[in-house]
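Each chain, letter by letter, is given below.
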Amino acid sequence: MSIGQAFLGLLESQPRHGYDLKRAYDERFGQGRPLHYGQVYATLSRLLKNGLVEVDSVEPGDGPERKRYAITAAGVTDVERWLGQPEKPDLHLQNTLYMKVVLALLTGRGAADILDSQRSEHLRLMRELTRRKTDGDLADQLICDYGLFHLEADLRWLELTAARLDDLAGKVRR
Amino acid sequence: MNDRGVPLLVGRDLHKSYGPTAALDGASIHVRAGEIVAVMGPSGSGKSTLLHCAAGIVPPDSGRISYDGRELNAMSDVERSALRRREFGFVFQFGQLVPELTCLENVALPLRLDGVKRREAERRAAGWLDRLEVADIAHQRPGEVSGGQGQRVAVARALVNRPRVLFADEPTGALDSLNGERVMRLLTQAARESDTAVVLVTHETRVAAYSDREVVVRDGRTRDAELVA
Ligand SMILES: Nc1ncnc2c1ncn2[C@@H]1O[C@H](COP(=O)(O)OP(=O)(O)OP(=O)(O)O)[C@@H](O)[C@H]1O
Ligand SMILES: [Mg+2]
């Protein structure tokens, strides 16, 4: 899972304390399995070390939750690269694709570009499966069709989502 | 002759409006000889309009279309329709076979229009029906065959005069998955064997997966990559 990239996207939309970041993540992407604080701070310290986020203010008191984090220019570049790069098609992509679409909208980028680059990546694999199916025996056909239908489902969901873009943009940007 | 690298058909920066609706707003497409290009995009994005313009059926308001080095805009209507009849083939979603003719006569029709004698035209038509695995319905009329069989007859008719470009607009749109697969397998196989290029409009990715390359239309526009030299 791309917790690091999700944090960066959430921080690009606004600077947040560690606690707020965890809450925003859990609400949008947690699917009933909230992050542990350990994961949150381990991820943040990795992002700090790599110069992708910085501490933008510290409130008096102790404990890590006093710090407010902001994304750096290098962090924005990292989000940009991640969103622009299609995922390797597989049958369990839903979470990552969903995360990309939400973060693209949250940071004011369109979902249409994600759809287009993902479609071309999916089509690459789908063409290969189609070729294998055309040349193969019945077993090949059945197996390739299974993959083709599932890959098509990813894209149909992405297409529907891109079509609902405006609608969704209003709701995610809160 | 065209080698593989040089596009056979090029539509460049096409614009087309119907009243206030801009169906095409700067769309481009290029197709190389023997290449299968899928045209994809949301409903109403301008896919069919792009196909109609590229095939010289509908004149664009602006933009240029060239086929094998010749400008379509510069041709007379007579020259353009001769080009369509000799060099292009067409398959649509439905309703393209002549109901009064048998399937065999339907497939032979383009040859007959081109002056080929009846026996010869029907002999060649029968060969195409066989290739598309519908030889058994040769003497039935379109109203007496299934949608999938009818589409295979339509593909045979579109390919019978060995066009260099086949334009297909949602050729599997009215078929179930099994028949859609069958039509696509036979269509692409026949096109590849006769080195016919295909412009395939479809919104189904599984259908587009039979192509070599895809062009995405969105709000009447395509990506700059379609604007080749
Ligand atoms: N003959 C026409 N008269 C008026 N408007 C038209 C005509 N043909 C197309 N349009 C309009 O132009 C736009 C593009 O239409 P087009 O048929 O090219 O879309 P499409 O991508 O093929 O859609 P679909 O996937 O639904 O077939 C639409 O808004 C449509 O209403
Ligand atoms: Mg259409």
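Rules and cut-offs
- Residues numbered from 1 in each chain as written.
- Chains lettered and ligands numbered in written order.
- Predicted model: local features only at pLDDT ≥ 70, side-chain atom pairs only at ≥ 80, totals over all residues.
- Heavy atoms only, no water.
- Near = heavy atom within 4 Å.
- Polar contact = N/O pair within 3.5 Å; in protein donor to acceptor, adjacent residues only side chain to side chain.
- Areas by Shrake-Rupley, 256 points an atom, 1.4 Å probe, with all protein chains shown as cover.
- Contact = heavy atoms within 4.5 Å.
- Buried area = accessible area lost by both parts, 1.4 Å probe.
- Salt bridge = Lys/Arg side-chain N within 4 Å of Asp/Glu carboxyl O.
- Helix = DSSP H or I, 4+ residues; strand = E, 2+ residues; numbered from the N terminus.
- Nonpolar A, V, L, I, M, F, W, Y, C, P; charged D, E, K, R; others polar.
- Pairing = 2+ DSSP bridges.
- Axes fitted to C-alpha atoms, helices over the stretch in contact; angles between N-to-C directions.
- Buried < 20%, exposed > 50% of the residue type's maximum accessible area, 1.4 Å probe, protein only.
- Parallel < 35°, antiparallel > 145°, perpendicular 65-115°, else oblique.
- Left-handed = near helix turned anticlockwise from the far one by under 90°.
- Core = buried A, V, L, I, M, F, W, Y, C linked by side-chain atoms within 4.5 Å.

Student: Which parts of the structure should I look at to understand the site of ligand 1?
Tutor: All names here are of chain B. All residues adjacent to ligand 1 are Tyr18, Thr21, Ala23, Pro42, Ser43, Gly44, Ser45, Gly46, Lys47, Ser48 and Thr49. Here an oxygen atom of ligand 1 and a side-chain polar atom of Ser43 are 2.5 Å apart. For ligand 1, an oxygen atom lies 2.8 Å from a polar atom in the backbone of Gly44. Taken by itself ligand 1 offers 630 Å² of open surface, and the protein chains cover 56% of this.

Student: Whenever I open this one, the interface of chain B and chain A confuses me. Can you help?
Tutor: Where the parts come together, the accessible area they lose is often given as the size of the interface. Taken together, the 18 residues of chain B in the interface contact 17 residues of chain A. Taken over both partners, the interface formed by chain B and chain A buries close to 1,500 Å², and the fraction arising from carbon and sulfur atoms is 52%. Its largest share of buried area at the contact with chain A, chain B owes to B:Thr205, B:Arg206 and B:Arg218, together 38% of the area lost on that side. Viewed at the interface, chain A and chain B are joined by six salt bridges. Here A:Lys133 and B:Glu181 are joined by a salt bridge, their closest N and O atoms 2.5 Å apart. Inspection of the chain B/chain A interface yields seven residue pairs in polar contact (both at pLDDT 80 or more). Of all elements in the fold, only α6 (177-193), α7 (205-208) and β9 (213-216) of chain B reach the threshold of two or more residues within the side of chain B that touches chain A. When grouped by side-chain class, the residues that make up the side of chain B that touches chain A number five nonpolar, four polar and nine charged.

Student: For this particular structure, what's the right way to read the sheet that holds strand β4 (residues 62-67) of chain B?
Tutor: Strand pairing in a sheet takes place through backbone hydrogen bonds and is either antiparallel or parallel in direction. Residue and element names in this part refer to chain B. Sheet architecture is open: four strands sit in the order β2-β1-β4-β5, paired in antiparallel fashion. Both outer strands of the open sheet, β2 (21-32) and β5 (70-71), are each paired with one neighbouring strand and no more. Pairing analysis gives five bridges linking strand β1 (residues 7-18) to β4, with the strands arranged antiparallel. In the sheet register, Val10 faces β4, and the bridge partner there is Ser66. Here helix α1 (residues 47-54) sits on the sheet in contact with β1, β2 and β4, set at roughly 60 degrees to β2.

Student: Looking at this structure, I do not really get the side chain of A:Gln5. What am I missing?
Tutor: Residues and elements named next belong to chain A. Here Gln5 is to be found in helix α1 (residues 3-13). Of the residues examined, Gln5 reaches a relative accessible area of 17% and is grouped as buried. For Gln5, the side chain forms a polar contact with the side chain of Asp78, separated by 3.1 Å. Beyond its immediate stretch of four places on either side in the chain, Gln5 contacts Asp78, Arg81, Trp82 and Leu103.

Student: Got a minute to help me understand the packing of helix α2 (residues 18-29) of chain A against helix α3 (residues 37-49) of chain A in this structure?
Tutor: When two helices pack together, their arrangement is given by the angle between their axes and by how far apart the axes lie. Residues and elements named next belong to chain A. At their nearest, the axes of α2 and α3 sit 10 Å apart, and the two run at 115 degrees to each other. Here α3 runs roughly perpendicular to α2, going by the angle between their axes. The hand of the α2/α3 crossing is right-handed. On α3, the residues touching Gly18, Tyr19, Leu21 and Lys22 of α2 are Tyr37, Val40, Tyr41 and Leu44. Across the contact of α2 with α3, the residue classes break down as six nonpolar, one polar and one charged.

Student: Please clarify how the nonpolar core should be interpreted in this entry.
Tutor: As a rule of thumb, soluble globular proteins bury nonpolar side chains together. Residue and element names in this part refer to chain B. Grouped together as the largest cluster of nonpolar side chains are 38 residues, with contacts concentrated most on Val107, Trp128, Leu129 and Val153. Not counting chain neighbours up to four residues away, the residues in contact with Val107 comprise Ala125, Trp128, Leu129, Val153, Ala156, Arg157 and Val160. Of all hydrophobic cores here, the second largest spans 29 residues; its members include Ala27, Leu50, Ala54 and Val165.

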